[in-house]
There are 4 protein chains.
Amino acid sequence: MAEPALALPPPQTRRAEDDLLALLMATRDLTLDLAAPLEPEDMVAQAMEEASPTKWHLAHTTWFFETFVLAPFLPAYRLFDPAFGYCFNSYYEAAGARQPRPKRGLLTRPTLDRVLGYRRHVDDALQTLLEAGAPQEARRRIELGVHHEQQHQELLLTDILALFAANPLRPAYRPARPRLAGRAPEPMRWLSFAGGVTPIGHGGTGFRFDNEAPRHEALIAPFRLADRPVANAEWLEFIADGGYRTATLWLSDGWDRAQREGWRAPAYWERRDGEWLAMTLEGLAPLAPDAPVAHVGFYEADAFARWAGKRLPTEFEWEAAAALAPVAGNLLASGALRPLAAAEPLRRRPRQMFGDVWEWTASAHLPYPGYEPPPGAIGEYNAKFMCDQHVLRGGSCLTPPGHIRPSYRNFLYARQRWQCSGLRLAAEAR
Amino acid sequence: MAEPALALPPPQTRRAEDDLLALLMATRDLTLDLAAPLEPEDMVAQAMEEASPTKWHLAHTTWFFETFVLAPFLPAYRLFDPAFGYCFNSYYEAAGARQPRPKRGLLTRPTLDRVLGYRRHVDDALQTLLEAGAPQEARRRIELGVHHEQQHQELLLTDILALFAANPLRPAYRPARPRLAGRAPEPMRWLSFAGGVTPIGHGGTGFRFDNEAPRHEALIAPFRLADRPVANAEWLEFIADGGYRTATLWLSDGWDRAQREGWRAPAYWERRDGEWLAMTLEGLAPLAPDAPVAHVGFYEADAFARWAGKRLPTEFEWEAAAALAPVAGNLLASGALRPLAAAEPLRRRPRQMFGDVWEWTASAHLPYPGYEPPPGAIGEYNAKFMCDQHVLRGGSCLTPPGHIRPSYRNFLYARQRWQCSGLRLAAEAR
Amino acid sequence: MAEPALALPPPQTRRAEDDLLALLMATRDLTLDLAAPLEPEDMVAQAMEEASPTKWHLAHTTWFFETFVLAPFLPAYRLFDPAFGYCFNSYYEAAGARQPRPKRGLLTRPTLDRVLGYRRHVDDALQTLLEAGAPQEARRRIELGVHHEQQHQELLLTDILALFAANPLRPAYRPARPRLAGRAPEPMRWLSFAGGVTPIGHGGTGFRFDNEAPRHEALIAPFRLADRPVANAEWLEFIADGGYRTATLWLSDGWDRAQREGWRAPAYWERRDGEWLAMTLEGLAPLAPDAPVAHVGFYEADAFARWAGKRLPTEFEWEAAAALAPVAGNLLASGALRPLAAAEPLRRRPRQMFGDVWEWTASAHLPYPGYEPPPGAIGEYNAKFMCDQHVLRGGSCLTPPGHIRPSYRNFLYARQRWQCSGLRLAAEAR
Amino acid sequence: MAEPALALPPPQTRRAEDDLLALLMATRDLTLDLAAPLEPEDMVAQAMEEASPTKWHLAHTTWFFETFVLAPFLPAYRLFDPAFGYCFNSYYEAAGARQPRPKRGLLTRPTLDRVLGYRRHVDDALQTLLEAGAPQEARRRIELGVHHEQQHQELLLTDILALFAANPLRPAYRPARPRLAGRAPEPMRWLSFAGGVTPIGHGGTGFRFDNEAPRHEALIAPFRLADRPVANAEWLEFIADGGYRTATLWLSDGWDRAQREGWRAPAYWERRDGEWLAMTLEGLAPLAPDAPVAHVGFYEADAFARWAGKRLPTEFEWEAAAALAPVAGNLLASGALRPLAAAEPLRRRPRQMFGDVWEWTASAHLPYPGYEPPPGAIGEYNAKFMCDQHVLRGGSCLTPPGHIRPSYRNFLYARQRWQCSGLRLAAEAR
């Protein structure tokens, strides 16, 4: 099993209209590279209802281009297979009926080979379209398709982790690399922010999803923010102090869920011979005490913060603080594939705002003032999920390069734990 | 079956510390009055998991005073029955184990008579405590207990409606009163608001729940708001236009729920011989076209707003607009027990902000900046429900007098429809 | 709370056609007597999906006479209330739609008073019909209605026990009577039977349900049968020996169910301060070691027999053995309302074949050779339940007098435990 | 995609002790042959909880030999992989913990290649054991393992059919072969049987499962039996006559299930453009009117029989009648892979008793008088499923040769429809 060579798309800063084809093809290639270490059999199975098979990711991202770019904009385009719409539509009501979500793992056909053929067919047509001079709306949708595929690159990895974690053999996605011995984390430092009216949302001319707009002003009260995420060693203290057994630390729905599902630790942690291990893309591995805790849900993150006498930051606080940090970090391109301990503290600046772990915020995923979803099926992309989901910020060690920015709003249900999600503490100003 | 004589507590404006006993007793009496039209058998049954039996409401509100006031503050107090804590604790983890919520309807014992004895026992002890000069914290908790009981007064009525609606005989809580013939509603008018930084949350010295505090500033963009809630006639247009069959109008979770449960109209509506009727506390009755639509959940309210090309207001917009309206309306004291058509339009002021129907807002039930729950079990009152619930504002025709105010935040899950909940449309400023 | 005076119907042996009215009225009165110790509130609640409220039993047995006797056979009969068909039909598809079974506890209306009026109305009409000379089919159906009501008399008691067992106060249906101290049971004795072709099924001219017919011959191999049911002391040994923790003793479906529901003892047993108690109609009471174990399901009974190196008897073996025993025992008329220890052993005859506990057999509830259900809705009485249910024989301490006979076939699902069900061991001939 | 070459094991009549190795290897090869037309991806997926992936069948049958033959009887044997016990134990509690049944489809590892290596490893060891002179118990268990694997051969095919039927592409297991045009079936003929005491159960010295023993006598009343199974054309009449909409034709549990799951036809039937098609191992195909109906559950079979004014035969009646028929028919070796129309009627003998479709009987799967399960884990093979399952007889078009006999008792839950199961009518003697 070779490990994936992470063919990087060109950095986003150099991206211009002429670069769109290069960006597209690099993105398409990276998806294949990420799937390369897997057996064809691994690509069929669906770990749980919320995850998808690798093969399905390969096909669905392709269907997205076919449906929203080629069918409407490439005149002579013929569908690769008319049955694929049913198979690979995810949730677009406007695009017709589809395979029920919990049954994606039953799609052993089309085979992987045929799905790879589908990818080539669509890639060729996209190239034809771009070389012939695609209209602006087509180019806009291709760019959306690239970012859509980047989201599925991260999902591909987290879904494979979920699959392998459910396998009694605990297989590794790639061989384990040498690791430094973990150390206790140095204490988190607290940064103070003044508050005031601050711009929120995407401001520049680069790509953004619709839920990052419109840019608007928000009023923030003075607050404090930890300079790094919560680390595994701190989470072990929470466990040792009865965090998972103390109802009064938890939101009501969270406590019910934790009891029903028997939560005793983050997802993928298991105790063997008195030691906590965690399932990773390199198989079962000891916990690194100084690395950010990952695979916690909102309920747990919130309970931890309460236990610590703190709270989660709002997404506005987070975004304001992120202005101080470079958009760089332990993202997919580092090749680590797991959260790493923070580097040395910075002077009055937060660390690890980008990469390592998605950070749960206290904010619900709601539309910004004046938000308008795009017209047509594309309008279903984010808008219909603006209910009872929670915003996460900053990207993770599995987020493809060029895919994260300060205004980026990821969102999940409070119960969900299979993404690489952690937390950073906030508090009122003193 | 006599109809309930609505014994009113003294108006809130006259309330002072010396009036606490009078307020308490008037509130306690009103609860009994509300139960008076029911048979003992009606008071046992639990219509659904989220509702509670009348007898349970009678006992739980009493348990609240016993547990949080008498036990800690009246030295010689002896529990009426030590087993009642298990029976009538609702959800306070800090107060110990309790009857599982879905099984409250199995508590045929203690009998109604014994529960009424429990009420008298606790009322007597409260009177003793107050007359002997209760400490301030005890008085604060008695006031909380009064407002807690007022919430259960409204629940008592909505839970009985749910019970009677599930009964094939469609019994009436009270005999029907004469009604004016319904008319088509006059068009809604739109009020424009300027936006800006505005104070939000409870400001005065009167009672407020913890989730209304702290008062703080919020930044609101200019917006427009309808001068009255959406009326039944308008909802019928939504139905006729396929509102319940058009997936793209709905939030994803809402559409799933609506399909699974076969929603075709608001809760309690049923079609007989081509006419829409609604189950009410006066039994099955024709719809009043000009009365506000009630018993819609957040999912439906949101879908309606999208269909209408509008949106729901945020709770901040609503609260800012409510400053223009008197805290008065068709509340429980009117005796109507159902939403009524709006009165004549007012000049540049909204109508029906208070009473008639609770109004769904676009806001999640989240803590205000700097929010701190009270210490101890009382801290569970609202804080642990600050997740995936939605704020409603303004009270309804079933809300007891003295129980509503501009800063009042009610909250429900998006799926819930058994409260008297409707909506008012909002839109961006032109 | 007075205890029920058990008004006995005339003994079945004296029953003749002219006695039908007396039998009917005595049966109708007994039902009311059984309900007499209850509060009206107790009569509303439904302990679980498989149980029914007392008030529903009172009304359903009345509906049975109205629907199958009065409506077709009393010319001028007017339905007491046309809505009652929907409310009180149990499962007769041919008799139309009905209140969903799990929601019988929501029928707080009609009130108890009105249901009692329904009973009087129907009783009067039945008297009119019989006095005027009812046709034979009407008399046949009245007799069926009597036996149907007797079944509901037993259900009324077991359903109340289920309700009170789910109540944290553990209320008693009647005050506890003095009890002899329990003793260890004397060892069970084994009776040998020769086998051969034996008649099975109801043979005489008296009443029988359709599933007891036709009488036919069955071939039985030689077998042995215990002379008494398994006693509580023996069940405690099974528990102590890990019976509930040893998968290999159990049928596959039984083990799954026991794990899922956390079975550790028979239904209604609970351990307090190291002692096993059982919930009874007299409230929580110590176990009598020498009384037959009750409230075990088929899965447990079968596992116990396997643990003991024995098996359950087939219903044919049981019926053949029952020919040696008088149709007498601790039935409802004894007033004990609980299983009692066996009397002195008899010479070559089994004890406690009738009364005390229903005895699970190894037989599935299947039609006898040549079985024909009656025509029309009455044909649904037993026939449609001839699938995946298990035969129990012999009646219990809650079975009304005149309601049991050697050929009587009761049936339940293997998982069900709320009836007064125990077991008797069988074995191959040596 | 090549179609499977069906390498036949030597006919059972020639089987002697020396032939065991040949039988074993032929059986092992046939399993591989049956899997040959599949893609590796097809072999991973689990169509539903009750089905298993092909790869799991390949491994589980191997685990059976390893666990019950090699580990106890081959001294130097080393487990191929100790983790495989957890992965591939099906339901043997005595053999330890195992992968939860609904999650067999998540076992993408071990890969197919590794499972094939497992098979070779175990095959080699079995050969070593047999060539070295295996003790009698080992040989007995090898024979059991052969018949166990034959059962999984049939399951492999039915589980693949379930998988492909859930795939919107409706893939074919093998290319369609030419078919004769279907014709209306000629009327079924009725054979009369005299009844009496008849031997039941396996009598000879050949292999039998434990649930076919002991041979014993049963008393059968005179009866009539149809000379062939019910055909598709007859089932279409049942549908046309409202069979799926008429509650009174159905057992109570069956009706509930049929409503809940929306049954309108046998499993795998679908209506396109007004024509009924059925999903088969050759893909979607028109119904053959004269072929036996397949993929009906017990509930439907029973309802059909009631509609036809007949009943299902008991397993004793079936076995008595089967004595008149040769153990031959459209089994797996015919290569048809689907039920075929009956040949010409025979004089006073039933047709199609073996092969084509498993025939539901009226009998519950219960132990025969004197039944003893084998000691140890092997005792779990059938014994723990003797509850609430129903006996089917005669094998199907997917049953491997040498695997069927008159005394063979297959068993399924009444709701199950994914096996190739049909029915034959019976009636009382005239």
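Here, every reference points to the structure presented above.
Described in the following lines is the structure provided in the data block. All figures in this text were calculated on a predicted structure; none of them were measured in a lab. (Residues numbered from 1 in each chain as written. Chains lettered and ligands numbered in written order. Predicted model: local features only at pLDDT ≥ 70, side-chain atom pairs only at ≥ 80, totals over all residues. Heavy atoms only, no water.)

1. A look at the interface of chain C and chain B
And step 1. Chain C puts 30 residues into the contact, and the matching count from chain B is 30 residues.
And step 2. Each partner contributes to the roughly 2,300 Å² buried at the junction of chain C and chain B, and carbon and sulfur atoms together form 63% of this total.
And step 3. Between the two partners, chain C and chain B, sit 4 salt bridges.
And step 4. Between Glu41 of chain C and Lys55 of chain B there is a salt bridge, with its nearest N and O atoms 3.0 Å apart.
And step 5. Where chain C touches chain B, the interface holds 10 residue pairs in polar contact (both at pLDDT 80 or more).
And step 6. For the side of chain C that touches chain B, the secondary-structure elements that each account for two or more residues are α3 (84–88) and α5 (136–165) of chain C. (Contact = heavy atoms within 4.5 Å. Buried area = accessible area lost by both parts, 1.4 Å probe. Salt bridge = Lys/Arg side-chain N within 4 Å of Asp/Glu carboxyl O. Polar contact = N/O pair within 3.5 Å; in protein donor to acceptor, adjacent residues only side chain to side chain. Helix = DSSP H or I, 4+ residues; strand = E, 2+ residues; numbered from the N terminus.)

2. Some remarks on the packing of aromatic side chains
One pair of aromatic rings is described through two measures. These are the centre distance and the angle between the planes.
And step 1. In the structure shown here, the tally under the stated rule is 124 aromatic pairs over all chains.
And step 2. Consider the rings of Trp235 of chain C and Phe304 of chain C, whose centres lie 4.9 Å apart with planes at 5°: the pair is stacked. Of this pair, Trp235 of chain C sits in helix α6 (residues 232–240) while Phe304 of chain C sits in helix α8 (residues 298–307); the two residues are 69 residues apart in sequence, bridging distant segments of the chain. Phe304 of chain C carries the same exposure label as Trp235 of chain C, and that label is buried.
And step 3. The rings of Trp63, Phe64, Phe68, Tyr91, Tyr92, Phe207, Phe209, Trp358, Tyr381, Phe385, Tyr408 and Phe411 of chain A are connected pair by pair, giving a single aromatic cluster.
And step 4. Lying over the aromatic face of Trp263 of chain B, Arg417 of chain B brings its terminal NZ or CZ to 4.0 Å of the ring centre. (Phe/Tyr/Trp six-rings, centres within 6.5 Å; stacked < 30°, edge-to-face > 60°. Buried < 20%, exposed > 50% of the residue type's maximum accessible area, 1.4 Å probe, protein only. Lys NZ or Arg CZ within 6 Å of the ring centre and 35° of its normal.)

3. Examining the environment of Pro135 of chain D
Residues and elements named next belong to chain D.
And step 1. The topology assignment puts Pro135 in the loop between α4 (112–131) and α5 (136–165).
And step 2. Given a relative accessible area of 37%, Pro135 falls into the partly exposed group.
And step 3. When the C-alpha atoms of Pro135 and Gly254 are compared, they prove to be 48 Å apart, with 119 residues separating the residues in sequence.

4. Section: the relation of the copies chain B and chain A
And step 1. Mapping chain B onto chain A is achieved by rotating through 180° and translating by 0.0 Å along the same axis, at an RMSD of 0.0 Å. When the rotation and shift are considered jointly, the pair of chain copies conforms to a two-fold rotation axis. Across chain B, the smallest distance between a C-alpha and the rotation axis is recorded for Asp388 of chain B, namely 2.4 Å.
And step 2. Of all interface residues in chain B, 100% are interface residues in chain A too; the two copies therefore contact each other through one and the same surface. (Least-squares fit on C-alpha atoms with pLDDT ≥ 70 in both.)

5. Quick notes on the sheet that holds strand β13 (residues 421–422) of chain D
All names here are of chain D.
And step 1. Here 4 strands make up an open sheet; going across it, the order is β12-β11-β10-β13 and the pairing mixed. Each end of this open sheet is capped by a strand with a single partner; those strands are β12 (410–412) and β13.
And step 2. Where strand β11 (residues 390–393) and β12 come together, 3 bridges link them in antiparallel fashion. Within β12, the residue paired with His390 across the bridge is Leu412. (Pairing = 2+ DSSP bridges.)

6. Here we look at α4 of chain D
Helical periodicity: at 3.6 residues per turn, an α-helix aligns residues three or four positions apart in one direction.
All names here are of chain D.
And step 1. With 20 residues, α4 extends 28 Å between its outermost C-alpha atoms, agreeing within 8% with the 28 Å of an ideal straight helix rising 1.5 Å per residue.
And step 2. Of the positions making up α4, those classed as buried are Leu112, Val115, Gly117, Tyr118, Arg119, Val122, Asp123, Ala125, Leu126, Leu129 and Leu130.
And step 3. In the core, the buried residues of α4 are packed alongside α1 (20–35), α2 (54–73), α3 (84–88) and α5.
And step 4. Just beyond α4, the residue with positive phi is Gly133, at close to 90°. (Expected span 1.5 Å × (residues − 1).)

7. Notes on the packing of α4 of chain D against α5 of chain D
Residues and elements named next belong to chain D.
And step 1. In the contact formed by α4 and α5, the axes pass within 11 Å of each other and the chain directions differ by 145°. Viewed along their axes, α4 and α5 form a crossing whose handedness is left-handed. Here α4 contributes Arg119, Leu126, Leu129 and Leu130 to the contact with α5, which in turn contributes Ala138, Arg139, Ile142 and Glu149.
And step 2. Taken together, the residues that form the contact of α4 with α5 break down as 5 nonpolar, no polar and 3 charged. (Axes fitted to C-alpha atoms, helices over the stretch in contact; angles between N-to-C directions. Left-handed = near helix turned anticlockwise from the far one by under 90°. Nonpolar A, V, L, I, M, F, W, Y, C, P; charged D, E, K, R; others polar.)

8. Things to note about the pairing of strand β11 (residues 390–393) of chain B
All names here are of chain B.
And step 1. Along β11, one buried face is formed by His390 and Leu392 and the opposite face, lined by Val391 and Arg393, is buried too.
And step 2. Two elements, strand β10 (residues 358–364) and β11, share 3 bridges in a ladder whose sense is antiparallel. Counted as the bridge partner of Trp360 is Leu392 from β11.

9. Some words on the packing of helix α2 (residues 54–73) of chain A against helix α5 (residues 136–165) of chain A
Residue and element names in this part refer to chain A.
And step 1. Where α2 contacts α5, the two axes come as close as 9 Å, and the packing angle between them is 170°. With respect to α5, the axis of α2 lies roughly antiparallel.
And step 2. Of the residues assigned to the contact of α2 with α5, the class counts are 14 nonpolar, 7 polar and 4 charged. (Parallel < 35°, antiparallel > 145°, perpendicular 65-115°, else oblique.)

10. Let's talk about unusual backbone geometry
And step 1. Here the amide bond leading from Ala213 of chain A into Pro214 of chain A is cis, since omega sits at -5°, within 30 degrees of zero.
And step 2. By secondary structure assignment, the location of Pro214 of chain A is in the loop between β2 (196–200) and β3 (216–220).
And step 3. That bond from Arg109 of chain C to Pro110 of chain C is cis: its omega, -5°, falls within 30 degrees of zero.
And step 4. For Pro110 of chain C, the position within the fold is in the loop between α3 and α4 (112–131).
And step 5. Unlike most non-glycine residues, Asp273 of chain A shows phi in positive territory, near 50°.

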